[in-house]
Amino acid sequence: MPILLFLIDTSASMNQRTDLGTSYLDIAKGAVELFLKLRSRDPASRGDRYMLVTYDEPPYCIKAGWKENHATFMSELKNLQASGLTTLGQALRSSFDLLNLNRLISGIDNYGQGRNPFFLEPSILITITDGNKLTSTAGVQEELHLPLNSPLPGSELTKEPFRWDQRLFALVLRLPGLASTEPEQLGSVPTDESAITQMCEVTGGRSYCVRTQRMLNQCLESLVQKVQSGVVINFEKTGPDPLLIGEDGFMDSSRSGNSFAAQPWHSCHKLIYVRPNSKTGVPVGHWPIPESFWPDQNLPSLPPRTSHPIVRFSCIDCEPMVIEKLPFDKYELEPSPLTQYILERKSPHTCWQVFVTSSGKYNELGYPFGYLKASTTLTCVNLFVMPYNYPVLLPLLDDLFKVHKLKPNLKWRQAFDSYLKTLPPYYLLPLKKALRMMGAPNLISDNLDCGLSYSVISYLKKLSQQTKLESERILASVGKKPPQETGIKVKNHSGGGVSLTHSKNFRKLLKEIIGETSPRLTELNTKEFAGFQIGLLNKDLKPQTYRNAYDVSRRGLLDQLTRMRSNLLKTHKFIVGQDEDSLHSVPVAQMGNYQEYLKTLASPLREIDPDQPKRLHTFGNPFKQDKKGMMIDEADDFVAGPQNKVKRPGEPNSPLSSKRRRNATVTHEVHEEKMENGQIPPDVFLSKPAAPEVMNITGDGIPPNQLDSLSDDFTSLRKDGLIHKSSSNAFVGGTKNCSVPAYDRKVSVTSTFRTVPNALQITPAMAQGINADIKHQLMKEVRKFGRKYERIFILLEGVQGPLAVKKQFVEFTIKEAARFKRRVLIQYLEKVLEKIDSHHLLNNVNHINSRSSC
């Protein structure tokens, strides 16, 4: 559930006017409303929580917090007025304290027990200001300073006032007061030069220097795309730079990188995306990022941690390791100079290990807890989080299953106990759960120790109780108005004051209560409202004033009591004097309150076919297009730049083919998305599932020497993962996971094993005609609804010509499948394409060997 907090500058300088005649405060209000409108197009906005903070003194600066609904938020936004000083530092501190109000109660920060990226409250703090000098009661400030003292208990456990899932973005209004005659400059929106820019960059956000209304709209479009679920991490290089890659694709030892010159990719401060689970909608993970200290029972208190963990990566190329059924976590990195450098190396089969300094007990750098690796399609870089010191654990578990058959001997247990001594105590519980998922015996004691002293645990519990009290106090003050300066009160001793008994209204009310004379509606002064007339059916009817219960007659006592109870308890369905038709007469101020309407709707059912892409929210416009491609800043331009310009060899360069290829960009990543949360894709493990095996996750699956022919590859995808060899009618080990569904087996496969007589010679003209007919049939089969793909692979077997022609037909089928969103079919075709490439590579190697032997 993303949290969107708007910090609006309500200082007196926001009253300045633009060339359009509107004030800066009016522009800020309109910007917030436009942002909410753009955000509502995303179906994920149903769970958004909106907060509003101003520059008033705390706690009166909080206009809408945790308990206020969307209607209260909009009402408070429209009632904002600009007056006072530019106390940006205090307002930022109050905003972060509001976001951190419940974190210690929920235990989301998990102090001393590792940092869990899947425990997060993604928050976007958007401040709109004029960028003028910072003023306070002490004078004008040149730099931005946030108050160190915070009323929130436990704030001393983190060095900074923000957390790693909170980012700050600033819209600095620089609109001129006079219309400019110069043409508007197009391109990226620059950052502002005010003091808030550095604060934004520290949190992982940025500032925008807004000079025109058009630039403001572009910035709001960009901010809507920034609402992502993730956490910010500092990535820093350790050790020497990697060897540069030559033109032949191999490491060139003569061209080593300059390790002394600082490069932009050496230190990056970027986001890692934490995707929610498709079924539950909540992020799921298994392993934490280690703390930068070793938990010890002798520690009297916890050392304060930095908001963003410092993760160091080594540029030594290693093979990515994974083991079957052992869960791991995968997070995609936000585009940055580091991801650009890794992708430009074009080595998706190697990885760089990551460390946290001082996380180990006997090693200053610590042991690796994961690695950075480029995707197989070279479109993004992923952070794989594994068990701590995984290069030692994975071979042990491999021997446990393959060699010892889940019955370890004394030597293995000693090696496993030695590994546990290098493991931080907070890793024991997730490791115990992971071994249980794998079906391993109980190798870890049930009496787990968290590694923290009793005094530290008691201190954290005490902080949690204090936070509850402080939270109640802050939430109770939300919406209250600050006390007004009434000045000096002077008593009037002249005696000229009018007594209350001489007031005309008081005497009129007194007579009405006593019952001497009761005013009638006909006695009212109608001359005051010219043109209006009050009509009564019964002129003798007295108005029901509810001032005196004794005025109610005995006959109407029960009816009057029923009406009073209905008004008090609000049990009536409609407002008095309002019918069902009049309920649709909604005030203009509430017509755009779509958020409250969404909350009343029931949760949508899950999709029948999860492989089909989600439909865009087209509220108000069924022809709306996705505008995620409209980028306006440097980082966004990079997203649409070199990282996505990946083309397969042999793909035509026509505009139509490139357009289809862009449509299939997501589908080529399917096999890597399957690795999310420990789900191993079928092309990784093509060995028998009886015992786990340490393998590379480069997506190769079967080595080339185990492939007999391309026909066998097609047969393997049509026969439930069992590779059938027509020469011996034998089956070799496949995998059950990459098979076609069971109902596909009913289709006849006799044509798979038919042989062409040796006397029949196919001419090039005949081959061209056969291929043209196959291409036409493929287009028909791909269009068919369902997942019966066996006929497609039978047609691909019949393609005439060399291996390059068959590869072109497979690529053509992939493009056709992308047009009709056949994601599962694309998975199978991608496997065939990879095996064709391995065939081609093997043939080239054999050709080179034969020439060298000659």
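Reference entry: report on the structure contained in this document. Model, not experiment: these values are computed from the prediction.

Quick word on the overall build of the protein chain
Of regular secondary structure, the protein chain possesses 22 helices and 19 strands. In the protein chain, 76% of the contacts between residues at least 6 apart in sequence involve partners at least 24 apart. Counting only carbon and sulfur atoms, one obtains 55% of the accessible surface of the protein chain, whose full area is about 48,000 Å².

Brief notes about the nonpolar core
If you look at the biggest cluster of nonpolar residues, it comprises 63 residues, and the most contacted ones within it are Phe235 and Phe416. The leading source of residues in this core is helix α8 (residues 390–402), at seven residues. Here Phe235 is in contact with His266, Ser267, Cys268, Ile272, Val311, Phe313, Leu333, Leu338, Leu372 and Leu383, once residues within four sequence places are set aside. Of all hydrophobic cores here, the second largest spans 38 residues; its members include Ala31, Ala64, Phe73 and Val189.

Things to note about the packing of helix α19 (residues 764–783) against helix α20 (residues 790–797)
Packed helices, taken two at a time, are described by the angle between their axes plus the distance between the axes. As a packed pair, α19 and α20 sit with axes 10 Å apart at the nearest point and diverge in direction by 165°. It follows from the interaxial angle that α19 and α20 lie roughly antiparallel. Note that α19 runs across α20; the crossing there is left-handed. Side by side, α19 and α20 meet where Ile774, Gln777, Leu778, Glu781 and Val782 of the first sit next to Arg791, Ile792, Leu795 and Leu796 of the second. Within the contact of α19 with α20, the residues separate by chemical class into six nonpolar, one polar and two charged.

Considerations on the pairing of strand β16 (residues 370–374)
Among the five residues in β16, five count as buried, and that is most of the element. In β16, alternate side chains face the same way, and those of Gly370, Leu372 and Ala374 on one face and Tyr371 and Lys373 on the other are all buried. Sheet topology places strand β15 (residues 352–355) next to β16; three bridges connect them, and they run antiparallel. Of the residues in β16, the one forming a bridge with Val354 is Gly370. One ladder, built from five bridges, connects β16 with strand β17 (residues 381–385); its direction is antiparallel. Each bridged residue has a counterpart across the sheet, and for Leu372 the counterpart in β17 is Leu383. Between the end of β16 and the start of β17, which pair antiparallel, lie six residues, with Leu378 showing a positive phi angle near 55°.

Focus: the sheet that holds strand β14 (residues 329–333)
Read around the closed barrel, seven strands run β9-β12-β14-β17-β16-β15-β13, paired in mixed fashion. Taking the axes of each pair of neighbouring strands and ignoring which way they run, one obtains an average angle of 35° across the sheet. Where strand β13 (residues 310–314) and β15 come together, two bridges link them in antiparallel fashion. The residue of β15 that forms the bridge with Phe313 is Val354.

With respect to helix α21 (residues 803–819)
Here α21 spans 25 Å end to end across 17 residues, near enough to the 24 Å set by a 1.5 Å rise per residue. Of all the positions in α21, only Lys807, Phe809, Val810, Glu811, Phe812, Thr813, Ile814, Lys815, Glu816, Ala817 and Ala818 are classed as buried. Lys821 lies just past α21 and shows a positive phi near 60°.

Regarding the sheet that holds strand β4 (residues 123–129)
Read from one edge of the open sheet, six strands run β3-β2-β1-β4-β7-β8, paired in mixed fashion. Each having just a single partner strand, β3 (62–64) and β8 (207–210) make up the two edges of the open sheet. Recorded for the sheet is a direction-independent mean angle of 20° between the axes of neighbouring strands. Both strand β1 (residues 3–8) and β4 contribute to a ladder of six bridges, which runs parallel. Looking at the pairing, Leu7 lines up with Thr127 of β4.

Concerning the packing of helix α1 (residues 24–39) against helix α2 (residues 70–78)
Where α1 meets α2, the closest approach of the two axes is 10 Å, and the angle between their N-to-C directions is 155°. On the basis of the axis angle, α1 is roughly antiparallel to α2. As for how α1 packs across α2, the hand of that crossing is left-handed. Along its contact with α1, which presents Lys29, Val32, Glu33 and Leu36, the element α2 presents His70, Phe73, Met74, Leu77 and Lys78. Its residues assigned to classes, the contact of α1 with α2 shows five nonpolar, one polar and three charged.

Notes on the environment of Gly154
Counting through the fold element by element, Gly154 comes out in the loop between β6 (139–141) and β7 (166–173). For the pair formed by Gly154 and Leu460, sequence separation is 306 residues and the distance between their alpha carbons is 8.1 Å. Discounting chain neighbours no more than four positions away, the residues touching Gly154 are Leu104 and Leu463.

What to know about the pattern of salt bridges
One pass over the structure, following the stated rule, counts 16 salt bridges. For the salt bridge of Arg345 with Asp317, the shortest nitrogen-to-oxygen distance reads 3.2 Å. With Arg345 in helix α7 (residues 337–345) and Asp317 in the loop between β13 and β14, this residue pair connects regions lying 28 residues apart in the sequence. A residue is classified by how much of its surface remains accessible, and Arg345, at 8% relative accessible area, is buried. Residues joined in a network through salt bridges with shared partners are Arg103, Asp109, Arg163 and Asp165.

A word on the environment of Phe313
By secondary structure assignment, the location of Phe313 is in strand β13. The residues touching Phe313, leaving out its near neighbours within four places in the chain, are Phe235, Glu236, Lys237, Thr238, Trp265, His266, Leu338, Trp352, Gln353, Val354 and Leu372.

Parameters and conventions
Residues numbered from 1 in each chain as written. Predicted model: local features only at pLDDT ≥ 70, side-chain atom pairs only at ≥ 80, totals over all residues. Heavy atoms only, no water. Helix = DSSP H or I, 4+ residues; strand = E, 2+ residues; numbered from the N terminus. Contact = heavy atoms within 4.5 Å. Areas by Shrake-Rupley, 256 points an atom, 1.4 Å probe, with all protein chains shown as cover. Core = buried A, V, L, I, M, F, W, Y, C linked by side-chain atoms within 4.5 Å. Buried < 20%, exposed > 50% of the residue type's maximum accessible area, 1.4 Å probe, protein only. Axes fitted to C-alpha atoms, helices over the stretch in contact; angles between N-to-C directions. Parallel < 35°, antiparallel > 145°, perpendicular 65-115°, else oblique. Left-handed = near helix turned anticlockwise from the far one by under 90°. Nonpolar A, V, L, I, M, F, W, Y, C, P; charged D, E, K, R; others polar. Pairing = 2+ DSSP bridges. Expected span 1.5 Å × (residues − 1). Salt bridge = Lys/Arg side-chain N within 4 Å of Asp/Glu carboxyl O.

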